[in-house]
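Listed here are the chains, written in short residue letters.
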Amino acid sequence: MAHTFQPYTNDILTLNPFQINEEPALLTCGEEGNVNTMTISWGGMGVIWNKDVGFVFVRGSRYTKEFLDKYNTFSITHFAPNKATGLMLKYIGSVSGRNENKINNAKFHVEYHNGTPYIDEGRDIIIMKKLSVTKLNPEDFIDPTIDERFYGDKDYHYMYIGEVLQLMSR
């Protein structure tokens, strides 16, 4: 059963986009019967092309990247910090949806907003429409330590920019 969300107002949104690495979130994409999610800790929100946007980073090897490339919308789910949820987010981030149904195994539930899946146990949900995808290339790094520190395996991130369609909070 889906939880009830309040319409977005500045008074109820508890999300701090600058704390994504302190409070990891789940990126979810797909369609009914074919959904995948992954833990993310890099991303943010802003304005580009006269649109409110969010941006996330996904490595090329991740199963969720296949979903992001196939579908036009995705969601970001943020959670109220607690130990049990933290353990489930770590679990989601440590296994692949290619090999198991990690959403069910984590005891999370998928709901939909206008066809876009999100994790129902979340506190704040951002529904986005994909606008752009850009591969991060080592020749574009001005600071050479970025490649050395984060890409020893050469599995570079792709940056997805999505227009914010809906913010939901409870």
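Here, the structure is the one placed above.
These notes cover the structure that comes with them. Not measured: the values here are computed from a predicted model.

Attention shifts here to a nonpolar patch on the surface. Together, Ile48, Trp49 and Leu131 give the surface a local cluster of nonpolar side chains, amounting to about 260 Å² of exposed area. Counting through the fold element by element, Trp49 comes out in the loop between strand 4 (43–48) and strand 5 (51–59). For Trp49, a relative accessible area of 48% translates into the label partly exposed.

What follows concerns the layout of surface pockets. Counted as a void, the largest pocket has a volume near 380 Å³. Around the largest pocket, the lining comprises 20 residues; the ones closest to its centre are Met38, Thr39, Ile40, Arg62 and Gly93. Elements supplying a minimum of two residues to the lining of the largest pocket: strand 3 (34–40), strand 5, helix 1 (63–70) and helix 2 (83–94). Of all the elements, strand 3 adds the most residues to the lining of the largest pocket, at 4 residues. Residue composition of the lining of the largest pocket, grouped by class: 7 nonpolar, 9 polar and 4 charged.

We now examine the nonpolar core. Of all hydrophobic cores here, the largest spans 17 residues; its most connected members are Leu27, Ile40, Val56, Leu68, Phe74 and Ile76. Among all residues touching Leu27, those that are not within four sequence positions of it are Asn36, Thr37, Met38, Ile40, Val56, Val58, Thr64, Leu68, Phe74, Ser75 and Ile76.

Rules and cut-offs
Residues numbered from 1 in each chain as written. Predicted model: local features only at pLDDT ≥ 70, side-chain atom pairs only at ≥ 80, totals over all residues. Heavy atoms only, no water. Patch = residues over 30% accessible without salt bridge, like charges linked within 9 Å, V, L, I, M, F, W, Y side chains within 5 Å. Areas by Shrake-Rupley, 256 points an atom, 1.4 Å probe, with all protein chains shown as cover. Salt bridge = Lys/Arg side-chain N within 4 Å of Asp/Glu carboxyl O. Helix = DSSP H or I, 4+ residues; strand = E, 2+ residues; numbered from the N terminus. Buried < 20%, exposed > 50% of the residue type's maximum accessible area, 1.4 Å probe, protein only. 1 Å grid on protein atoms, 1.4 Å probe; cavity = no way out; pocket = protein on both sides within 12 Å on 5 of 7 lines; lining within 4 Å. Points joined across faces, edges and corners; volume = space filled by probe spheres on them. Nonpolar A, V, L, I, M, F, W, Y, C, P; charged D, E, K, R; others polar. Core = buried A, V, L, I, M, F, W, Y, C linked by side-chain atoms within 4.5 Å. Contact = heavy atoms within 4.5 Å.

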